[in-house]
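An overview of the molecular structure
Each chain is listed here by its residues.
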Amino acid sequence: MSTSAQLSPPAAPAAALAAPGTAPGTAPGTAPGTAPARRTAAGLPALHLAAAVGNADWHLTAPLLGVLATALHTDLATVTAAIGAYSLGQGLALPLWGRLSDRFGPRRALRWGLAVAALSAAVAAVAGDPRLWVAARAACGAGFAAVAPCAGLYHDALGAFADRRRAYARMMTLTSAVAVGAPLLAGLAARFTSWRAVFAVVALLAAVLARHTRALPPTATPSPVRTRGPRPRSLRLRSPRPLRLLRSRGLWVLAGLGVAEGLVLLGVPALLAPTLTAVGAGDRAGLLVTVVYGASVCAGSVAVRRLPGPGRPRVLLAAGGAAGLLATVLLAVRPAVPVVFAAAVLLGLAWGPLHTTLQTWAPRLLAPGARGTAASVLAMSGVLACAAGVALAAPLVERGALTVLFGALGGFAAVLTALLAGAARHLTK
């Protein structure tokens, strides 16, 4: 949290009573920098570590496929199915965690999710049957899905856009660095110890982080300043009913943005390594392009975090959308090895400004009592759209129809950019 947004203790009550200075989305009678906001900021490292462990767990399976197939006495297709099962479990569990975080508070939801992840990772570490192992991986993805809506609620409680943006960018920097390092460390651990130790470490870290969620406030809504007189009956924000949410225009805007973002900024990077294989490059090129993409995501997130002042959210959205569109157009025009690496850089740089800005503003498209649901809908749409897009694209990559594939994805990139332009007025209000 920036020092400019913090208030000294004597100034806090006076500033809290000033309604014109209240940040958008802040409860009446509060101001950015009050004690609840400072406590939220102090507890964010535990939340960011939970996001990092969840992202590491997402990337652990790919480098262990051969070892797992041999150890579990099954074929490669069975253990590869765990990647899809993990994504499916995560995508389907996101709305549940969103509703639970709105209903019971993000701290409880995060603790429950990490407990599920810890138990599931422990089962995966000791499983001897491949079907049990795949089921445990799906359950682990469902458990770590609790991080997304809880992160949305806690970051939303910081108040000022600049504070929310920097905190999200800090989390993106950590998770992108973990995404690069986790597969390498998993491969080394499997080689010198055992693949079971990898999942045992995930279980241990998730259990420890579940205990350390006490550093976070139980709710993400700043507490009102105490005043003399009768106390209000209740200041708890009620979560709207599901049917009312389904009729909300903001919910469908979030779903549309999530689908477009998932296809472009999640789906296209997932296709870079198979594209290199299709054009005749070796396996090392596929590993290298993954590292280049992760490093670009990290660089883009650091740049967004260091932007001075509140910045211009519309400019960030436009820059991210344009970079994703350019990457898909280049891949459609000439899917060669240098172009694939250039697209990896563009897509990585696009992730920081676009995804960070979307996550910063997405919860505010719905009512205060449904902002956990808002964050979960955006994440769920992206994850499921990515999984479906990659599955549909695999036959085209195998046949070498790369121009058709990336031309279609370029169309989705154009749609994403257009959606961002239309939604920018609502996202930046």
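Residues numbered from 1 in each chain as written. Predicted model: local features only at pLDDT ≥ 70, side-chain atom pairs only at ≥ 80, totals over all residues. Heavy atoms only, no water.

1. Details of unusual backbone geometry
The test is simple: Helix numbers and strand numbers start at the N terminus; a helix is a DSSP run of H or I with at least 4 residues, a strand a run of E with at least 2.
At histidine 73, a residue that is not glycine, the phi angle is positive and equals roughly 55°. Residue position: histidine 73 is located in the loop between helix H3 (65–71) and helix H4 (76–104).

2. Some remarks on the packing of aromatic side chains
Formally: Pairing of aromatic side chains here covers Phe, Tyr and the six-membered ring of Trp, requires ring centres within 6.5 Å, and sorts the geometry by plane angle: under 30 degrees stacked, over 60 edge-to-face, intermediate tilted. Only lysine NZ and arginine CZ atoms are considered, and such an atom sits over a ring when it is within 6 Å of the ring centre and within 35 degrees of the ring normal.
All chains considered together, the criterion is met by four aromatic pairs. Centroid distance tryptophan 133 to phenylalanine 199: 6.0 Å. Interplanar angle 80°. Geometry classified as edge-to-face. Residue tryptophan 133 is located in helix H6 (residues 130–144), and its partner phenylalanine 199 is located in helix H9 (residues 195–211); the two are separated by 66 residues in the primary sequence. Each member of the aromatic cluster is reached from another via a ring pair, and the members are Trp133, Trp195 and Phe199. Over the ring of phenylalanine 104 we find arginine 103; its NZ or CZ atom is 5.1 Å from the centre of that ring.

3. Observations regarding the confidence of the model for the chain
Here is the rule we go by: Summary of the metric used: pLDDT quantifies the predictor's per-residue confidence within the range 0 to 100. For this analysis, residues touch if any pair of their heavy atoms sits within 4.5 Å.
Summing up the model confidence of the chain, the mean pLDDT is 79 and the portion of residues at 70 or higher is 82%. Per-element averaging of pLDDT across the chain places helix H1 (residues 12–16) at the bottom with 31 and helix H5 (residues 106–126) at the top with 94. Low pLDDT, under 50, characterises residues 1–33; the stretch is placed with 48 contacts to residues that sit more than four places away or in other chains. Considering only residues more than four positions removed or in separate chains, one finds that residues 222–237, a stretch of pLDDT under 50, has 18 contacts.

4. Some words on the side chain of arginine 164
The condition is simple: Type-normalised accessible area, obtained with a 1.4 Å probe on protein chains alone, sets the label of each residue: buried when under 20%, exposed when over 50%, and partly exposed for intermediate values. Just so you know, the count uses Lys and Arg for positive and Asp and Glu for negative, and it drops His and the chain ends. Salt bridges, as used here, are contacts in which a Lys or Arg side-chain nitrogen is within 4 Å of a carboxyl oxygen on Asp or Glu.
Along the chain, the position of arginine 164 falls in helix H8 (residues 161–192). Despite its burial, arginine 164 pairs with no opposite charge, the nearest such side chain being aspartate 156 at 4.4 Å. Beyond its immediate chain neighbours, meaning those up to four positions away, arginine 164 contacts His155, Asp156, Leu158, Gly159, Thr360, Trp361 and Arg364.

5. As for the nonpolar core
Just so we agree on the cut-off: Residues grouped as a nonpolar core are buried Ala, Val, Leu, Ile, Met, Phe, Trp, Tyr and Cys residues, joined through side-chain atoms within 4.5 Å.
Counting residues in hydrophobic clusters, the biggest one holds 109 residues, and the most contacted among them are Trp133, Phe144, Phe199, Leu254, Leu331 and Phe406. Apart from residues lying up to four places away in sequence, phenylalanine 199 is in contact with Asp57, Leu64, Leu68, Ala121, Ala124, Ala125, Trp133 and Arg137.

6. Brief notes about the pattern of salt bridges
A complete count under the given rule lists four salt bridges for this structure. With a shortest N-O distance of 3.5 Å, arginine 131 and aspartate 129 are connected by a salt bridge. For aspartate 163, the salt bridge identified is with arginine 166, shortest N-O distance 4.0 Å. With aspartate 163 and arginine 166 both in helix H8 and three residues apart, the pair spans about one turn of that helix. Considered together, aspartate 163 and arginine 166 belong to a single accessibility category, that of buried residues.

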